[in-house]
Amino acid sequence: MKKLILILAFLMPMVAFAQEEDTRPKVGLVLAGGGAKAAAHIGALKEIEKAGIKVDYITGASFGAVVGALYAAGYSAAELEEFFLSQEWLLLFAWEEIDVGESWKDVAKSVFSLLNGQSDKNDAEPFGLLKAEQVEDLIGQMLSARGVHLMQDFKIPFRCVATELNTLEEIDIRYGAAKRAIRASMSYPGLFKPIKTSTGKTLVDGGMLNNLPVDLCVDMGADVIIAVDLQQGEDNAYDFFIGRSGLLKWSKTRPDIMTHRKNVKRADVYINPNLAEYNVTSFTHDACSKMLREGENEARKFQKQLQQIGQDKK
């Protein structure tokens, strides 16, 4: 009996602590897509860390999925800053070698299918101007170094979005190979080859439908949402290519705009740095450095709210 009392006396504080931990608000971090502009995410992360915030869930789209995944794997904002600014991104995104003389018909067919929102039904190689294999391998190496291979391996639960090209359906990626999921989420249509899955889906950039996946983070269980948005107003970065060249069904309905409006309203802290002078291809060291600082400066404007969230987590 005495032993039982001693065991209970030992366990009660632990149970009370666990119950207290469960009642604390869960913080979700949402990182939008925007190519090179994702450098601003890292600046915002530096301020989030300074506020002492422990992030419980992370969602991302496109290059926001790249930064979000690395952070969810355990890399700090300082490590991400060093990584992002040390890469020669434009060299990593090498041009695909296309033999126009031999394959111009296949290329023309792929482009036509892309513009009409359909992938090639005859299993021809999906079209893309730039290679992404080197970036996929680089991300895979960094994730592996932190023990992350599958989507279930992240230290902080992480999910990202992609778009099924044939049906224009949003795909919530929560299982499978992590580097492949991120590669799918960042497959900017026309620039990078889509990802073909074993189930026959053709996946392209998630930002086409949900560039700020706040709803996904809420679904994971987040009570408080910190969203870092790279869009400037309602001018989605994907207008730069897609909206001017095709994907007819998508460009007529623009489902991304309504989703974006709803998700902005659901964010408790909405960080939207001014990146109007940059675009998705601004991968120079100087531009990335300036965008990173812009993200840091914009997040600093929410210092009180961030510090309060940090206090609530203690």
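Since the model is a prediction, treat every value here as computed from it, not as a measurement.

K.L.:
Even after reading the chapter, I still don't get the overall build of the protein chain, so can you show me in this structure?
P.N.:
When its secondary structure is counted, the protein chain shows 14 helices and eight strands. Per-residue burial for the protein chain yields a buried fraction of 53% across its 314 residues. Within the protein chain, residue pairs in contact and separated by at least 24 positions form 79% of the contacts whose partners lie at least 6 positions apart. When the accessible area of the protein chain is evaluated, it comes to approximately 15000 Å², of which 56% is carbon and sulfur surface.

K.L.:
Would you mind showing me how to read the packing of aromatic side chains here?
P.N.:
What describes a pair of aromatic rings is the distance from one ring centre to the other and the angle between the planes of the rings. As enumerated under the stated definition, the model contains seven aromatic pairs in all. The interplanar angle of 85° and the centroid separation of 6.4 Å between the aromatic rings of F63 and F84 together place this pair among those described as edge-to-face. Placement of F63 in helix α3 (residues 63–72) and of F84 in helix α4 (residues 77–86) is noted, with a sequence separation of 21 residues between them. Comparing F63 with F84, the two get one shared label, buried. Taken together, a centroid distance of 5.8 Å and an interplanar angle of 85° make the contact between F83 and W89 edge-to-face. Residue classification places F83 among the buried positions, given a relative accessible area of 9%. Sitting over the ring of Y75, R146 keeps its end group 3.9 Å from the ring centre.

K.L.:
Hey, could you run me through the pattern of salt bridges in this one?
P.N.:
A side chain with one charge may pair with a side chain of the opposite charge, provided their charged atoms come close. Counted according to the given criterion, the structure contains 19 salt bridges. In this structure, the salt-bridge partner of R146 is E79, at a minimum N-O distance of 3.1 Å. Separated by 67 residues along the polypeptide, R146 in the loop between α7 (133–145) and β3 (158–164) and E79 in helix α4 bring together distant segments of the chain. The exposure class assigned to R146 is partly exposed, which follows from its relative accessible area of 26%.

K.L.:
I tried to follow the environment of Q307 on my own but got confused; where do I start?
P.N.:
Among the secondary structure elements, Q307 is positioned in helix α14 (residues 303–312). Relative accessible area serves as the criterion here: at 41%, Q307 is assigned to the partly exposed category. Each C-alpha atom, one on Q307 and one on E47, is 9.6 Å from the other, the two residues being 260 residues apart in sequence.

K.L.:
Help me understand the packing of α3 against α4, please; the structure alone is not making it clear to me.
P.N.:
For any two helices packed against each other, the geometry is given by the interaxial angle and the distance between the axes. Two elements in contact, α3 and α4, have axes separated by 10 Å at closest approach and are oriented at 135°. Between α3 and α4, the angle falls in the class oblique. Every pair of crossing elements has a handedness; the one defined by α3 and α4 is right-handed. Contact with α3, carried on its side by F63, V67, L70 and Y71, involves A77, L80, F83 and F84 of α4 and no other residues of that element. Its residues assigned to classes, the contact of α3 with α4 shows eight nonpolar, no polar and no charged.

K.L.:
I would appreciate a short explanation of the nonpolar core in the present structure.
P.N.:
In summary, soluble globular proteins display a tendency toward joint burial of nonpolar side chains. Counting 85 residues, the largest nonpolar core has F154 and I226 as its most contacted members. With eight residues, α3 is the single largest residue contributor to this core.

K.L.:
Could you clarify how one ought to interpret the confidence of the model for the protein chain in this entry?
P.N.:
Regions with low pLDDT carry predicted coordinates that are not meant to be interpreted in detail. With 74% of its residues at a pLDDT of 70 or more, the protein chain shows a mean pLDDT of 81. Low pLDDT, under 50, characterises residues 239–246; the predicted model gives this stretch 18 contacts beyond four residues in sequence or across chains.

Reading the values: the criteria
- Residues numbered from 1 in each chain as written.
- Predicted model: local features only at pLDDT ≥ 70, side-chain atom pairs only at ≥ 80, totals over all residues.
- Heavy atoms only, no water.
- Helix = DSSP H or I, 4+ residues; strand = E, 2+ residues; numbered from the N terminus.
- Buried < 20%, exposed > 50% of the residue type's maximum accessible area, 1.4 Å probe, protein only.
- Contact = heavy atoms within 4.5 Å.
- Areas by Shrake-Rupley, 256 points an atom, 1.4 Å probe, with all protein chains shown as cover.
- Phe/Tyr/Trp six-rings, centres within 6.5 Å; stacked < 30°, edge-to-face > 60°.
- Lys NZ or Arg CZ within 6 Å of the ring centre and 35° of its normal.
- Salt bridge = Lys/Arg side-chain N within 4 Å of Asp/Glu carboxyl O.
- Axes fitted to C-alpha atoms, helices over the stretch in contact; angles between N-to-C directions.
- Parallel < 35°, antiparallel > 145°, perpendicular 65-115°, else oblique.
- Left-handed = near helix turned anticlockwise from the far one by under 90°.
- Nonpolar A, V, L, I, M, F, W, Y, C, P; charged D, E, K, R; others polar.
- Core = buried A, V, L, I, M, F, W, Y, C linked by side-chain atoms within 4.5 Å.
- pLDDT = per-residue confidence, 0-100.

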